[in-house]
Amino acid sequence: FRRVLFRSMTTAISAVVPRRPTMLAGEIVAVAANVRPWMRLNVELCDQTGTITLRFMGRTEIPGIVLGRRLRVHGTPWMEDGTLIMLNPLYEFET
């Protein structure tokens with residue numbers, strides 16, 4: 001049942017309300033690993049309406065997270081310096 005909900009109820013990135021849990025779907029358009037000031041992987045997810053940065057703390061790579069791959073994610077976004085960020089979201093690869 002939970003998997004069906006995860007697959008069916010997504011929100012457009014342009015309609016995201018910060019600090020409210022949401023499910024999104026889109027395509028990876030950028031991947032950047034950083035080690036300073038802290039280790040993290042930033043992944044830019046884009047749909048036709050906007051872009052959000054998915055930030056995975058403590059990781060510099062995740063198998064399967066590559067440019068052009070489609071993802072569905074669930075998490076709580078917030079705004080940081082005018083950019084939507086989602087920290088350590090649950091994710092699922094779309095086929």
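Residues numbered from 1 in each chain as written. Predicted model: local features only at pLDDT ≥ 70, side-chain atom pairs only at ≥ 80, totals over all residues. Heavy atoms only, no water.

1. Looking at the nonpolar core
Within the largest apolar cluster, 16 residues are counted, with the highest numbers of intra-cluster contacts made by L24, V43, L45, I52, L54, L71 and V73. For this core, the secondary structure elements donating two or more residues are β1 (22-34), β2 (40-46), β3 (51-57), β4 (70-75) and β6 (83-87). Excluding residues within four positions of it along the chain, V43 makes contact with I28, A30, I52, T53, L54, F56 and I65. (Core = buried A, V, L, I, M, F, W, Y, C linked by side-chain atoms within 4.5 Å. Buried < 20%, exposed > 50% of the residue type's maximum accessible area, 1.4 Å probe, protein only. Helix = DSSP H or I, 4+ residues; strand = E, 2+ residues; numbered from the N terminus. Contact = heavy atoms within 4.5 Å.)

2. A closer look at the confidence of the model for the protein
When pLDDT is averaged along the protein, the result is 91, and 92% of the positions lie at 70 or above. Put simply, helix α1 (residues 2-8) is where the protein has its lowest mean pLDDT, 52, and β2 is where it has its highest, 98. (pLDDT = per-residue confidence, 0-100.)

3. Side note on the pattern of salt bridges
Opposite charge on two side chains makes pairing possible when the charged atoms of those side chains draw close. A complete count under the given rule lists three salt bridges for this structure. Here R55 makes a salt bridge to E80, at a shortest N to O gap of 3.6 Å. One end of the pair, R55, is in strand β3; the other, E80, is in strand β5 (residues 77-80), with 25 residues separating them in the sequence. A relative accessible area of 10% places R55 in the buried class. (Salt bridge = Lys/Arg side-chain N within 4 Å of Asp/Glu carboxyl O.)

4. Describing the side chain of E94
Position of E94 relative to the elements: it lies in the segment after β7 (90-93). Note on E94: relative accessible area 17%, which makes it buried. Within the structure, E94 has its side chain in polar contact with the side chain of R70 (distance 2.8 Å). A distance of 2.8 Å separates the side chain of E94 from the side chain of R72, its partner in a polar contact. If near-sequence neighbours (up to four positions away) are discounted, E94 is found in contact with A25, R69, R70, L71 and R72. (Polar contact = N/O pair within 3.5 Å; in protein donor to acceptor, adjacent residues only side chain to side chain.)

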